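Here are the chains, one letter per residue:
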Amino acid sequence: MNQIEWKEEYSVGHNVIDAQHKRIIRMINELIANQEVSIHSEFISDLLNDIVKYGMEHFMVEEMLMKEYEYPFLDEHHKEHLQFKLNGAVMCKKVFDNNETVPRELLEYLKKWWLDHILKEDLKLKYLFEKK
Ligand SMILES: [Fe+2]
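The sections below set out a description of the structure shown in this document.

Within this structure, the stated rule accounts for four salt bridges. Ionic pairing is found between Glu108 and Arg104, a salt bridge with its closest N-O pair at 3.0 Å. Within this pair, Glu108 and its partner Arg104 are both found in helix α4 (residues 104-120), separated by four residues, close to a single helical turn. Owing to a relative accessible area of 40%, Glu108 belongs among the partly exposed residues under this scheme. What makes Arg104 partly exposed here is its relative accessible area of 44%. Between Lys124 and Glu121 there is a salt bridge, with its nearest N and O atoms 3.2 Å apart. Overlapping salt bridges, with partners in common, bring together Lys112, Asp116 and Lys120 in one network.

With that out of the way, let us pick up the nonpolar core. Formed by 29 residues in total, the largest nonpolar core has its most connected members in Ile28, Leu31, Leu48, Phe84, Leu106, Leu110 and Trp114. Of the residues forming this core, the biggest block, eight residues, is contributed by α4. For Leu48, the contacting residues outside a window of four places in its chain are Leu31, Ile39, Cys92, Val95, Phe96 and Leu106. Ile17, Met66, Tyr69 and Leu128 belong to the second largest nonpolar core, which has ten residues in total.

Reading the values: the criteria
- Residues numbered from 1 in each chain as written.
- Predicted model: local features only at pLDDT ≥ 70, side-chain atom pairs only at ≥ 80, totals over all residues.
- Heavy atoms only, no water.
- Salt bridge = Lys/Arg side-chain N within 4 Å of Asp/Glu carboxyl O.
- Helix = DSSP H or I, 4+ residues; strand = E, 2+ residues; numbered from the N terminus.
- Buried < 20%, exposed > 50% of the residue type's maximum accessible area, 1.4 Å probe, protein only.
- Core = buried A, V, L, I, M, F, W, Y, C linked by side-chain atoms within 4.5 Å.
- Contact = heavy atoms within 4.5 Å.

Written out as structure tokens, the structure reads:
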């Protein structure tokens, strides 16, 4: 499976958010690169925990900024974040029970969810950051 390559068109025009997105992508790439490593190893379980924990922190920062900039579609965006919390985070935790290595479905889900979210939702914030 190919790793995610950061492209300039992913930039939402806010340094903190871009840096956080890059860090999340780096973590997903690390998971892809180590998909053969035992899921019960400290390395993989820490990485999965970090993806979930850091993702939640990132959502908080993004939602704080949306409030600060009075983004009119905060509710819709919040629902998208909630969907990841419910599906993605649960998936990350569940994999330990039924798998020896990181399942492809999880990697595909993480890759697709984050790229779609950045491109379809987060990029809608760009105009706010450009105004200031
Ligand atoms: Fe977002």
